[in-house]
Amino acid sequence: MNGDDKDSQISVRMLLLLLIGALTVYTAFYHPELGVAIGVGAVVVALVHQVLGR
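Residues numbered from 1 in each chain as written. Predicted model: local features only at pLDDT ≥ 70, side-chain atom pairs only at ≥ 80, totals over all residues. Heavy atoms only, no water.

Observations concerning the overall build of the chain
And then number 1: When helices and strands are counted, the chain shows 2 helices and 0 strands.
And then number 2: Looking at the 54 residues of the chain, the share that counts as buried comes to 4%.
And then number 3: Here the chain displays about 4,900 Å² of accessible surface, and carbon together with sulfur accounts for 72% of that area. (Helix = DSSP H or I, 4+ residues; strand = E, 2+ residues; numbered from the N terminus. Buried < 20%, exposed > 50% of the residue type's maximum accessible area, 1.4 Å probe, protein only. Areas by Shrake-Rupley, 256 points an atom, 1.4 Å probe, with all protein chains shown as cover.)

Here it is as structure tokens:
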């Protein structure tokens, strides 16, 4: 794998994260209860990732 392949993978990953973020914001704006549930779930996953990563 050369440097160009790695850059393209990062770009695809970033595009996917931006798309998921946009869908989450849209959902949170039009359905606040579901948006809160998604937000709490994201925080829990991030905390578990941090704890297990150490």
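Let's talk about the packing of aromatic side chains
And then number 1: Here the structure, examined in full by the defined rule, presents 2 aromatic pairs.
And then number 2: For the pair Y26 and Y30, a centre-to-centre distance of 4.9 Å together with 55° between the ring planes defines the contact as tilted. On the criterion of helical spacing, the pair formed by Y26 and Y30 is a turn pair, its members being 4 residues apart in helix α1 (residues 3-30). Each of the two residues, Y26 as well as Y30, counts as exposed. (Phe/Tyr/Trp six-rings, centres within 6.5 Å; stacked < 30°, edge-to-face > 60°.)

Here's the deal with a nonpolar patch on the surface
And then number 1: On the surface, a nonpolar cluster with roughly 580 Å² of combined accessible area is contributed by V36, V40, V44, V48, V51 and L52.
And then number 2: Relative to the elements of secondary structure, V48 occurs in helix α2 (residues 32-53).
And then number 3: Using a relative accessible area of 42% as the deciding quantity, one classes V48 as partly exposed. (Patch = residues over 30% accessible without salt bridge, like charges linked within 9 Å, V, L, I, M, F, W, Y side chains within 5 Å. Salt bridge = Lys/Arg side-chain N within 4 Å of Asp/Glu carboxyl O.)

Things to note about the side chain of T27
And then number 1: Structurally, T27 is set in helix α1.
And then number 2: The class for T27 is buried, based on a relative accessible area of 17%.
And then number 3: When neighbours within four sequence positions are excluded, T27 is seen to be in contact with P32, L34 and I38. (Contact = heavy atoms within 4.5 Å.)

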